Amino acid sequence: MTYKVGFIGGGNMASALIGGLLARGWSPDRLWVADPELDTLERHRSLAVHTTESNARLVASVDVVVLAVKPQMMAEVLPPLADMVRSHQPLLLSVAAGISTSLLRQWSAAEQLIRAMPNTPALVQCGASAYYAAPGTDDTSLLRVQEILSAVGLALPVESEEQIDAVTALSGSGPAYFFFLMEAMQLAALKLGLNEQTARALTLQTAAGAAQIALRAEENVTELRRRVTSPGGTTAAAISVFEKAQWQRTVEEAMQAAYLRSQSLGNEGGNR
Ligand SMILES: NC(=O)c1ccc[n+]([C@@H]2O[C@H](COP(=O)([O-])OP(=O)(O)OC[C@H]3O[C@@H](n4cnc5c(N)ncnc54)[C@H](OP(=O)(O)O)[C@@H]3O)[C@@H](O)[C@H]2O)c1
């Protein structure tokens, strides 16, 4: 069955998903956006997507409602929609960081409910998302969410809601870790005498090239690293400095901190 998808909140994440779905050949007639901002609605209308200022009208018009407002808006947005959700029973897909499925269900009365954690590369269709289905969610809902999220990159299910915090620490915050490394490499290259433009271009292309090799290779990344680290060579000299500085332990501690922060934000229920 051809199902319809509506987005409550027409910002960055909604635009990324809509762009991905249209690029996959979805008819704009299957897509709806609700947002209070008229300029935002106009932007979506220019893609021939249905628009409305009314969240309730959107819920009544679609089969899948993507909750794409900021986490702190969720407690305000959902309760007024609960009656409509109860009578119409759409699948709710939340992409909001840190809001648990139990809170989402309490606020919305949704039976079919999935919580996803996408990341910012979704904006360039290179996202990495994971999703968790609340108890009672059926296979049709899972297939639909898999289809929607994979329009902007990789989408994987996780078995427990706690794992969403681990996903947040990995792929959610992960783009910033790579930016951080790229920033450090660029600064170090300047100190080694390269100009800014060359340092930037070579850093970015090296990051993209390494990711492409790792994505295509059958070997794991440990093996790929070994292969480009000849004993006594330049890479080995650099890697031994990373090892002395206990690089792996630093990464582990950093991700542990992100994980704990994600848990505590979840406990605050989006009130931040
Ligand atoms: N961006 C990412 O890469 C990313 C990654 C992971 C998760 N997420 C999650 O995705 C969600 C959306 O993030 P975003 O970056 O797309 O935010 P955003 O660009 O600020 O989009 C949110 C949109 O919701 C609109 N809105 C506010 N109140 C509303 C209401 N009562 N009813 C309907 N729409 C309303 C906002 O309008 P105004 O501008 O007028 O307020 C805005 O257009 C967040 O919960 C975030 O945690 C985003």
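Residues numbered from 1 in each chain as written. Predicted model: local features only at pLDDT ≥ 70, side-chain atom pairs only at ≥ 80, totals over all residues. Heavy atoms only, no water.

### Remarks on the overall build of the chain
Helix and strand counts for the chain stand at 13 helices and 8 strands. For the chain, the spread of C-alpha atoms along the principal axes amounts to about 70 × 40 × 35 Å. Considering the chain as a whole, with its 272 residues, one finds that 40% of them fall into the buried category. Considering only intrachain contacts with a sequence separation of at least 6, the fraction spanning at least 24 residues in the chain is 62%. (Helix = DSSP H or I, 4+ residues; strand = E, 2+ residues; numbered from the N terminus. Buried < 20%, exposed > 50% of the residue type's maximum accessible area, 1.4 Å probe, protein only. Contact = heavy atoms within 4.5 Å.)

### Details of the nonpolar core
Side chains of nonpolar character tend, in soluble globular proteins, to be buried together. In this structure, Val5, Phe7 and Val66 are the most contacted members of the largest nonpolar core, which totals 29 residues. By size, the runner-up hydrophobic cluster in this structure holds 23 residues, among which are Leu58, Met74, Ala96 and Trp107. (Core = buried A, V, L, I, M, F, W, Y, C linked by side-chain atoms within 4.5 Å.)

### Structural notes on the site of the ligand
Taken together, 24 residues sit near the ligand, with Asn12, Met13, Asp35, Val69 and Val95 positioned nearest. Contacts to the ligand include Asn12, whose backbone N or O atom sits 2.9 Å from an oxygen atom. Asp35 places a side-chain nitrogen or oxygen 2.7 Å from an oxygen atom of the ligand. Its free accessible area being 890 Å², the ligand has 77% of it covered by the protein chains. Per-class residue counts for the shell around the ligand are 14 nonpolar, 7 polar and 3 charged. (Near = heavy atom within 4 Å. Polar contact = N/O pair within 3.5 Å; in protein donor to acceptor, adjacent residues only side chain to side chain. Areas by Shrake-Rupley, 256 points an atom, 1.4 Å probe, with all protein chains shown as cover. Nonpolar A, V, L, I, M, F, W, Y, C, P; charged D, E, K, R; others polar.)

### With respect to the packing of aromatic side chains
Throughout the structure, instances matching the rule amount to 2 aromatic pairs. For the pair Tyr3 and Trp26, a centre-to-centre distance of 5.4 Å together with 80° between the ring planes defines the contact as edge-to-face. Residue Tyr3 is found in the segment before strand 1 (5-8), and its partner Trp26 is found in the loop between helix 1 (12-23) and strand 2 (31-34); the two are separated by 23 residues along the sequence. Residue classification places Trp26 among the buried positions, given a relative accessible area of 7%. Consider the rings of Phe242 and Trp247, whose centres lie 5.1 Å apart with planes at 40°: the pair is tilted. (Phe/Tyr/Trp six-rings, centres within 6.5 Å; stacked < 30°, edge-to-face > 60°.)

### Brief notes about helix 13 (residues 247-267)
In this model helix 13 runs 31 Å from its N-terminal to its C-terminal C-alpha over 21 residues, within 8% of the 30 Å that 1.5 Å per residue would give. Residues of helix 13 that are buried: Ala258, Ser262 and Leu265. Along helix 13, the residues classed as buried sweep out an arc of 65° about the axis, all on the same side. In this structure, helix 13 carries Glu252 and Asn267 as exposed residues pointing more than 90 degrees from its buried face. Its buried side turned inward, helix 13 meets helix 8 (162-172) and helix 9 (174-191). (Expected span 1.5 Å × (residues − 1). Arc of directions from axis to C-beta.)

### A short note on the sheet that holds strand 7 (residues 127-133)
An order of 3-2-1-4-5-6-7-8 is seen for the 8 strands of this open sheet, with the pairing classed as mixed. The open sheet has two free edges, formed respectively by strand 3 (50-52) and strand 8 (153-157), since each of these has just one partner strand. Adjacent strand axes in the sheet meet at a mean angle of 20°, parallel and antiparallel pairs treated alike. Strand direction decides the pairing type here: strand 7 and strand 8, joined by 5 bridges, are parallel. Residue pairing for strand 8: Tyr131 is matched across the bridge by Pro157. Packing against the sheet, helix 6 (residues 101-108) makes contact with strand 4 (64-67), strand 5 (91-94), strand 6 (113-117) and strand 7, and its axis sits at approximately 135° to strand 6. (Pairing = 2+ DSSP bridges. Axes fitted to C-alpha atoms, helices over the stretch in contact; angles between N-to-C directions.)

So far we have only geometry, and geometry alone does not tell us how the molecule works.
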